[in-house]
Amino acid sequence: MISSVRGPVMDVALDHVVIDCAGVGYRVLVTPTTAGSVHRGAEATLLTTMIVREDSMTLYGFTEPDARSLFTLLQTVTGVGPRLAMATLAVLEPDALRHALAGEDTKALMGVPGIGKRVAERLVVELRDKVDRPHSATGTAAGPGSSSVRDQVIEALVGLGFAAPVAEKTVIAVLADQPGADSATVLRAGLASLGRST
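Residues numbered from 1 in each chain as written. Predicted model: local features only at pLDDT ≥ 70, side-chain atom pairs only at ≥ 80, totals over all residues. Heavy atoms only, no water.

**Q** Looking at this model, I keep getting lost on the overall build of the chain. Mind explaining?
**A** Each helix and strand counted, the chain has nine helices and five strands in total. Counting from the amino terminus, helix and strand elements in the chain follow one another as β-β-β-α-β-β-α-α-α-α-α-α-α-α. At 16 Å, the chain has a C-alpha radius of gyration in line with the 16 Å of a compact globule built from 198 residues. Its C-alpha atoms give the chain principal-axis dimensions of roughly 45 × 40 × 40 Å. (Helix = DSSP H or I, 4+ residues; strand = E, 2+ residues; numbered from the N terminus. Rg over C-alpha atoms; globule rule 2.2 N^0.38 Å.)

**Q** Sorry if this is basic, but what is going on with the side chain of Thr-31 here?
**A** With respect to the element layout, Thr-31 can be found in the loop between strand 3 (24-29) and helix 1 (32-36). Residues within four places of Thr-31 in sequence aside, it is in contact with Leu-14, Met-86, Leu-89 and Ala-90. (Contact = heavy atoms within 4.5 Å.)

**Q** What should I look at first to understand the nonpolar core in this one?
**A** Buried together is how nonpolar side chains tend to be arranged in soluble globular proteins. Counting 48 residues, the largest nonpolar core has Leu-109, Leu-123 and Leu-157 as its most contacted members. Of all the elements in the fold, those that place two or more residues in this core are strand 5 (56-62), helix 2 (65-74), helix 3 (82-91), helix 4 (94-102), helix 6 (117-127), helix 7 (149-159), helix 8 (164-177) and helix 9 (183-197). When near neighbours in sequence (up to four residues on either side) are disregarded, Leu-157 contacts Phe-162, Ala-167, Val-171, Leu-187, Leu-191 and Leu-194. Formed by 13 residues, the second largest nonpolar core is a distinct cluster that contains Val-17, Val-30, Ala-44 and Leu-46. (Core = buried A, V, L, I, M, F, W, Y, C linked by side-chain atoms within 4.5 Å. Buried < 20%, exposed > 50% of the residue type's maximum accessible area, 1.4 Å probe, protein only.)

**Q** Can you walk me through the sheet that holds strand 2 (residues 16-21) in this structure?
**A** For sheets, the rule is that strands pair by backbone hydrogen bonds, running either parallel or antiparallel. Spatially, the five strands close up into a barrel ordered 1-2-3-5-4, and their pairing is mixed. The average angle at which neighbouring strand axes cross in this sheet is 55°, direction not considered. Across the sheet, helix 3 is in contact with strand 3, strand 4 (43-53) and strand 5; its angle to strand 5 comes to roughly 20°. (Pairing = 2+ DSSP bridges. Axes fitted to C-alpha atoms, helices over the stretch in contact; angles between N-to-C directions.)

**Q** Help me understand unusual backbone geometry in this model?
**A** Outside of glycine, negative phi angles account for most residues, and trans bonds account for most peptide bonds. A positive phi angle is found at Ala-22, which is not glycine, with a value near 55°. Assignment of secondary structure puts Ala-22 in the loop between strand 2 and strand 3. A positive phi angle, close to 55°, is found at Glu-104, a residue other than glycine. With respect to the secondary-structure elements, Glu-104 resides in the loop between helix 4 and helix 5 (106-109).

**Q** Got a minute to help me understand the pairing of strand 2 in this structure?
**A** A regular strand places its side chains on the two faces of the sheet in alternate fashion. Extensive coverage of strand 2 is indicated by the burial of five of its six residues. Across three bridges, the pairing between strand 1 (residues 4-12) and strand 2 is antiparallel. Counted as the bridge partner of Val-12 is Val-17 from strand 2. A loop of three residues connects strand 1 with strand 2, the two strands running antiparallel in sequence. In this sheet, strand 3 lies alongside strand 2 in antiparallel orientation, the contact comprising six bridges. When the bridges of strand 3 are listed, His-16 appears paired with Leu-29. Between strand 2 and strand 3, which pair antiparallel and follow one another directly, the connecting turn spans two residues, one of which, Ala-22, has a positive phi of 55°.

**Q** Explain the pattern of salt bridges to me, please; I cannot follow it from the model alone.
**A** Oppositely charged side chains may form a pair once their charged atoms are brought near each other. The tally for this structure, following the rule as stated, stands at seven salt bridges. The partner of Arg-128 in a salt bridge is Glu-104, with the nearest N and O atoms 3.3 Å apart. Of this pair, Arg-128 sits in the loop between helix 6 and helix 7 while Glu-104 is found in the loop between helix 4 and helix 5, placing the two residues 24 residues apart along the sequence. The network of salt bridges with shared partners includes Arg-150, Asp-151 and Glu-168. (Salt bridge = Lys/Arg side-chain N within 4 Å of Asp/Glu carboxyl O.)

Okay, structure coming up:
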């Protein structure tokens, strides 16, 4: 089990980073906020969870132990896999997620694509007593990446399981409303829009 990686950042995309660990580049799936907190060429440390399937081994990375714990906790609920858990943390920062669970705010949870009313209610019932209410709410905005915001967000949405035409249409609509928005903002708005339409 790989529980953390540290080394120079080789590549940064909206939904993943590649970190050089002793000559081996590890591709780690991350949220846009995490991607925005690291920089190509700089040293970075990510706490990781490794998900092993029959056809794949995937690393999910986090800058804080709290986010990694919530990622694991979300997957204890039936119907929530790693992709949906990651999408939840992309839409709701850890503090906002704790607020939603502890405050039984199913509407906030339904803003995550793939989470309908039943799953939102299941999350609240099963997890509300397992999370503490957050003491503060802080957020970090991700800076724009080297490739275009449009392409980055489309790639991230496709990586989260959306069809490319749907992802492209959604991103174009968001950018029409928010032309100066950075990648993380566009992704959040896109996920919220797709969540409402599912």
